[in-house]
Amino acid sequence: VALGLYFPRKEYLENVYIDEPAGMPLLHIHALKDSHKEVAHFHLCQNLIISRARSHENNWFQIREKTGLLYLSKSLDREDFNMLSVGNWMPLSKVMLYVFLSSHPFQEKECDSATRTTVFLSLINATAPACSSLTARQLCFTEMDLSFHIKENKPPGTFHQLQLPSVHHLCQNLSISYKLLAAEGVPFRYNENTTSVRVTESLDREERERYELIAKCTVREGFREMQVEVPFLVNVLDEDDSPPFLPNGTDTADAVVEFNRKEGTVLSTLTVYDADTTPIYPLESSRKKYTGTIITDDPWISETFRVEHIFDEIHFSPNGSQVRGTRHEY
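A few points on the structure. What you are looking at is a predicted structure, and each value in this text was computed from that prediction instead of being measured.

Time to look at the sheet that holds strand β17 (residues 271-274). Spatially, three strands are ordered β17-β19-β18 in an open sheet, and the strand pairing comes out antiparallel. Sheet topology places β17 and β18 (310-316) at the edges, where each strand pairs with a single neighbour. Here the strands of the sheet are splayed against their neighbours by 25° on average, with no regard to which way each runs.

Printed below as a string of structure tokens:
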């Protein structure tokens, strides 16, 4: 099913300089699978979107269908820049393009498929800076946060490459190496040969909702060595896969009614926990998911008593990590 594959990031950012050569690799985009059999195919469909009002035929950027590598298919010269920038005086122009994903080779009509991510390219009105003038942070990481979303209960897979393709292409005199710093037993592995990061097993959001790692980069130039560290965050996306549970195991509460009870008196309460979902808005959507019922054949009871339902977000702590859930009170 084409909808199974998904992107671990909603958007990507990259800089493009004037006169960088055709074939220049810019950005590596990854996809994760919904089932083991799927194979990811990447595709650029639409025009470049320059501003909300304008778009332009994409003559400069292409993506490798099987690897997700976005590259320059034609050098961007000053004339191109002037055409793509809103005014010639602008030092940079931001353009946007969509990368689409399918589990089979693309047909052009599929360009409105729901599975897409957005790439923001900053076109800079200058040639690429010399490698020696860049800081370790610029040589190691782009401006975007290293923050990813991985669905629970899905197959393992590669979801990021730490090495920047453009820097690796341009700065071959520098030695740039990475490490992923993480606690023991965390289900992520860094491959030194490919600089890629992989989730090694299916995740469970009810066990852990967020992983906080650190990506460390070392740049060596002759005898000089620079190091930089940035946060590397993985959020686990929920799938509705765990039933609600009752703290004492019973799903029924008895109510004893005495005479002269005032309207609004609470006669009985029942608490239900759900580690799987958090309250969603509008609140009615959360309320419809669960219903409380008075079991009776007596119409007078049905008319005289009612069940009220309130709920709030709570935190569970399996394995010492905080996971959000919902407490329902009837």
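Moving on, we come to the pattern of salt bridges. It is possible for side chains of opposite charge to pair when their charged atoms get near one another. Applying the stated rule across the entire model yields 14 salt bridges. One salt bridge in this structure joins Glu-225 and Arg-220, with 3.0 Å as the shortest N-O distance. Close ionic contact of Arg-327 with Asp-312 constitutes a salt bridge, the shortest N to O distance being 3.0 Å. With a gap of 15 residues between them, Arg-327 in strand β19 (residues 323-329) and Asp-312 in strand β18 connect regions that are remote in the sequence. Residue class for Asp-312 comes out partly exposed when judged on its relative accessible area of 31%. Each member of the salt-bridge network shares a partner with another, and the members are Arg-205, Glu-206, Glu-209, Asp-238 and Arg-324.

Attention now moves to the packing of aromatic side chains. Here the structure, examined in full by the defined rule, presents twelve aromatic pairs. Ring plane angle 50° and centroid distance 5.9 Å describe the contact between Phe-245 and Phe-316, whose orientation is recorded as tilted. With Phe-245 in the loop between β16 (224-237) and β17 and Phe-316 in strand β18, the pair connects residues that are 71 residues apart, well separated along the chain. Under the relative-accessibility criterion, Phe-245 is labelled partly exposed at 36%. Exposure remark for Phe-316: the relative accessible area of 18% places this residue in the buried category. Residues Tyr-273 and Phe-316 carry aromatic rings whose centres are separated by 6.1 Å and whose planes lie at 75° to one another, so their mutual orientation is edge-to-face. Highlighted residues: Tyr-273 in strand β17 and Phe-316 in strand β18, separated in sequence by 43 residues. When sorted by exposure, Tyr-273 lands in the same class as Phe-316, which is buried. Here a set of aromatic residues connected by ring pairs shows up, and it is made of Phe-148, Phe-159, Phe-188, Tyr-211 and Phe-232. Here Arg-116 stacks its cationic end above the ring of Tyr-98, 3.8 Å away from the centre of that ring. Above the face of the Tyr-6 ring, Lys-151 is positioned so that its terminal group lies 4.6 Å from the ring centre.

Thresholds, definitions, all that
- Residues numbered from 1 in each chain as written.
- Predicted model: local features only at pLDDT ≥ 70, side-chain atom pairs only at ≥ 80, totals over all residues.
- Heavy atoms only, no water.
- Pairing = 2+ DSSP bridges.
- Helix = DSSP H or I, 4+ residues; strand = E, 2+ residues; numbered from the N terminus.
- Axes fitted to C-alpha atoms, helices over the stretch in contact; angles between N-to-C directions.
- Salt bridge = Lys/Arg side-chain N within 4 Å of Asp/Glu carboxyl O.
- Buried < 20%, exposed > 50% of the residue type's maximum accessible area, 1.4 Å probe, protein only.
- Phe/Tyr/Trp six-rings, centres within 6.5 Å; stacked < 30°, edge-to-face > 60°.
- Lys NZ or Arg CZ within 6 Å of the ring centre and 35° of its normal.

By themselves, these observations are geometric and do not establish any function.
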